[in-house]
Amino acid sequence: MGALAIAIPYVLFVWWFSTGSVLLLVGLSARHGVLLKTGATALFVASLAGIWASSQVTGAAGAYCVFTCAILLWGAIEISFLSGWITGPRPQPCPRDCAAVDRFWFALQAIAYHELALVVTAGLVFAVTAGAPNQLGLWTFAALLVLRQSAKVNLFLGVRTLNDELLPEHVAFLRSYFTRKPINTLFPFSVTLATAAAAILAVTAIGVKSEFATLDCSLLAVLVALGALEHWFMILPMPVVDLWRWSIRSPAPAPASTVPAARPSLSVISGAAGPKPPVVQMNAAALSRQRLEDEFRQSYHAQACDPRHDATTTKLGGLNVSTGATRFSTGISRTADGRTT
């Protein structure tokens, strides 16, 4: 029981911190791609070597070391996948309105290389731990592989909560293969089997006599229980993204443009009103004369529409202007060049 009490906080921390660290490193891949690829490759090799060495030790130190190395090995593969380096032969969004069989085929093409890398890595782990007294590394990687495949299939078939906010932009095309709906047919079986496996491992950890076997089963029980919890997150309206908010990098603001702003220009849009006459600059005297003419036209039209007035005399701007039904004179004449006299 003491081994299980110690294993719970340790696995919880490793699960939370390793997930956040992978997301944080993936966010740096755009600026430090070569460095991150080198680091991920070194992490893969070191983790595999650590599994090989730790699998020969049957004490508590060997159990914790091989378990941690298996998590790090998984993390190296996840970095290569979420950074977009190892995905599939068709890393593109799913076409719209395609048949269910075609959608499955496109989804498989989107991640085929990644799935192949997982299978090859599982074979390598099996090879380096074959015949070793400590098989926890193999069981840990196998549990991660089965739980992750179950989660992928359920996201494809449809769940209530996708939690795709955690998906980096390098593999944003995978969102098109997710389906949002209350539940799918496979989900009850997936979550039931994962929960039952965690319970069986926990009971076994309590019942075995060997301290090493107790620790092995305890670490596995907590890991599988977290995998079952991740499945429950798919149908519960819980803000899971808040657990790793610290590791998600906000998108960098767009750089300011160095191109000078274009000078405003006047464009004429054709319409029913037709083109407007050009604006002519006039001095104060011309503006005054133009204003008098406008006032006279308004007065004339107002009086011409009234049949009771055949002829009127209007005082406009200090001038006595005589109007008639058919003609009028303003005393203002224009020369041939348009000047007013």
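Predicted model, so just to flag it, every value in this text is computed and none were measured.

Trainee: Would you mind going over the overall build of the protein with me for this structure?
Mentor: On a plain count of helices and strands, the protein comes out with eight helices and three strands. Along its sequence from the N terminus, the protein presents helices and strands in the succession α-α-α-α-α-α-α-α-β-β-β. Within the protein, buried positions represent 37% of all 341 residues. Considering only residue pairs separated by 6 or more positions, the protein has 71% of its internal contacts joining residues 24 or more positions apart. Per element, the accessible surface of the protein, about 20700 Å² overall, is 67% carbon and sulfur.

Trainee: Can you help me understand helix 4 (residues 100-129) in this one?
Mentor: Structurally, the α-helix is built with 3.6 residues per turn, so residues lying three or four positions apart point the same way. Along its 30 residues, helix 4 runs 40 Å from first to last C-alpha, staying within 8% of the 44 Å computed at 1.5 Å per residue. At Ile 111, helix 4 shows its strongest bend, of approximately 60°. Along helix 4, the residues that are buried comprise Arg 103, Phe 106, Ala 107, Gln 109, Ala 110, Ile 111, His 114, Glu 115, Leu 118, Thr 121, Val 125 and Thr 129. Looking at the buried positions of helix 4, the neighbouring elements they touch are helix 2 (33-54), helix 3 (60-82) and helix 5 (136-157). Following helix 4 by one or two positions, Gly 131 adopts a phi angle in the positive range, close to 80°.

Trainee: Which parts of the structure should I look at to understand the nonpolar core?
Mentor: Most often, soluble globular proteins keep nonpolar side chains buried together rather than apart. In terms of nonpolar packing, the biggest core is built from 58 residues, with Leu 82, Leu 174, Tyr 177 and Leu 219 touching the most fellow members. The leading source of residues in this core is helix 3, at 12 residues. Among all residues touching Leu 82, those that are not within four sequence positions of it are Val 22, Leu 23, Val 26, Leu 167, Pro 168, His 170 and Val 171. In this structure, Leu 155, Val 159, Leu 162 and Phe 187 belong to the second largest nonpolar core, which totals eight residues.

Trainee: Would you explain the pattern of salt bridges in this entry?
Mentor: Note on pairing: side chains with opposite charge can pair once their charged atoms come close. Considering all chains together, one arrives at four salt bridges under this definition. Put simply, Glu 78 and Arg 148 hold a salt bridge, and the shortest N to O gap is 3.0 Å. One end of the pair, Glu 78, is in helix 3; the other, Arg 148, is in helix 5, and 70 residues separate them in sequence. Looking at Glu 78, the relative accessible area reads 9%, which means it is buried. Among the ionic pairs, Arg 245 bridges to Asp 242, the shortest N-O distance being 2.9 Å.

Trainee: How should the packing of aromatic side chains be read in this particular structure?
Mentor: For any pair of aromatic rings, the description rests on two quantities: the centre-to-centre distance and the angle between the ring planes. Applying the stated criterion across every chain yields a total of 10 aromatic pairs. Judged by centre distance (6.3 Å) and plane angle (50°), the rings of Phe 13 and Trp 16 are tilted. With Phe 13 and Trp 16 both in helix 1 (residues 2-27) and three residues apart, this pair spans about one turn of that helix. Ring centres 6.1 Å apart and planes at 75° place the aromatic pair Phe 104 and Phe 156 in the edge-to-face group.

Trainee: How should the packing of helix 2 against helix 3 be read in this particular structure?
Mentor: Packed helix pairs are specified by the crossing angle of their axes together with the interaxial distance, meaning the distance between the axes. Orientation of helix 2 relative to helix 3, taken along the N-to-C sense of each, is 150°, at an axis distance of 8 Å. Classified by the interaxial angle, the pair formed by helix 2 and helix 3 is roughly antiparallel. The element helix 2 and its partner helix 3 pack so that their crossing is left-handed. Listed contacts from helix 3 to Leu 36, Ala 40, Leu 43, Phe 44, Ser 47, Leu 48, Gly 50, Ile 51 and Ser 54 of helix 2 are Gly 62, Cys 65, Val 66, Cys 69, Ala 70, Leu 72, Leu 73, Ala 76, Ile 77 and Ile 79. Classifying every residue of the contact of helix 2 with helix 3 by side-chain character gives 15 nonpolar, four polar and no charged.

Trainee: What am I meant to see in the environment of Thr 58 here?
Mentor: You can see Thr 58 is positioned in the loop between helix 2 and helix 3. Among the residues examined, Thr 58 registers a relative accessible area of 40% and is labelled partly exposed. Placed 158 residues apart in sequence, Thr 58 and Asp 216 show a C-alpha to C-alpha distance of 9.8 Å. With residues up to four places along the chain from it excluded, the contact list for Thr 58 reads Pro 133 and Phe 212.

Trainee: Please explain the layout of surface pockets as it appears in this structure.
Mentor: With a probe scaled to a water molecule rolled over the atoms, the places where space remains empty come into view. As a volume, the largest pocket reaches approximately 1400 Å³. In terms of lining residues, the largest pocket is bounded by 46 residues, among which Glu 78, Arg 148, Ala 151, Lys 152 and Leu 155 are the most central. Contributing elements (two or more residues each) for the lining of the largest pocket: helix 1, helix 3, helix 4, helix 5 and helix 7 (211-233).

Trainee: Help me understand the packing of helix 3 against helix 7, please; the structure alone is not making it clear to me.
Mentor: At a minimum axis distance of 9 Å, the contact between helix 3 and helix 7 shows a crossing angle of 25°. Considering the angle they form, helix 3 stands roughly parallel to helix 7. Crossing geometry of helix 3 relative to helix 7 is assigned as right-handed. Along its contact with helix 3, which presents Ala 60, Ala 63, Tyr 64, Phe 67 and Ile 71, the element helix 7 presents Phe 212, Leu 215, Asp 216, Leu 219 and Leu 223. Grouping the amino acids of the contact of helix 3 with helix 7 by side-chain chemistry returns nine nonpolar, no polar and one charged.

Rules behind the numbers
Sequence positions are assigned chain by chain, starting from 1 and proceeding in written order. This being a predicted model, a pLDDT of at least 70 is required before a residue's local features are given, and a value of 80 or more before pairs of side-chain atoms are given or counted; all residues contribute to the totals for chains, interfaces and linings. Calculated side-chain values reflect all of the structure's heavy atoms, with hydrogen atoms and water omitted. Strands here are runs of E lasting at least two residues and helices are runs of H or I lasting at least four, both read from the DSSP assignment and numbered beginning at the N terminus. For each residue, the accessible area found with a 1.4 Å probe, counting protein chains only, is set against the maximum for its type, and the residue is called buried under 20%, exposed over 50%, and partly exposed in between. The contact criterion used is simple: two residues touch if any of their non-hydrogen atoms lie within 4.5 Å. Shrake-Rupley sampling with a 1.4 Å probe provides the accessible areas, and residues are treated as covered by the protein chains on show and by no other component. Take the residue count of a helix, subtract one, and multiply by 1.5 Å to get its expected span. Here the bend at each residue means the angle between axes fitted to two seven-residue stretches, the one ending at that residue and the one beginning there. Residue types Ala, Val, Leu, Ile, Met, Phe, Trp, Tyr and Cys, when buried and joined through side-chain atoms within 4.5 Å, form a set referred to as a nonpolar core. By definition here, a salt bridge exists when the distance from a side-chain nitrogen of Lys or Arg to a carboxyl oxygen of Asp or Glu is within 4 Å. Each Phe, Tyr or Trp ring, with Trp reduced to its six-membered ring, pairs with another whose centre is within 6.5 Å; inter-plane angles below 30 degrees give stacked pairs, above 60 give edge-to-face pairs, and intermediate values give tilted ones. Angles here are taken between N-to-C directions and fall from 0 to 180 degrees, while the axes themselves are lines fitted to C-alpha atoms, restricted in helices to the stretch in contact. In this scheme, roughly parallel covers angles under 35 degrees and roughly antiparallel covers those over 145, while 65 to 115 is roughly perpendicular and the rest are oblique. By convention the crossing between two helices is left-handed if the near helix lies anticlockwise of the far one by an angle smaller than a right angle, and right-handed if it lies clockwise. Note on residue classes: Ala, Val, Leu, Ile, Met, Phe, Trp, Tyr, Cys and Pro are nonpolar, Asp, Glu, Lys and Arg are charged, and everything else, Gly too, is polar. Using protein atoms alone on a 1 Å grid, points that fit a 1.4 Å probe yet trap it form a cavity, whereas open point sets bounded by protein on both sides within 12 Å along at least five of seven lines form a pocket; residues with an atom within 4 Å of a point count as lining. Grid points are joined across faces, edges and corners, and a volume is the space filled by probe spheres set on the points.

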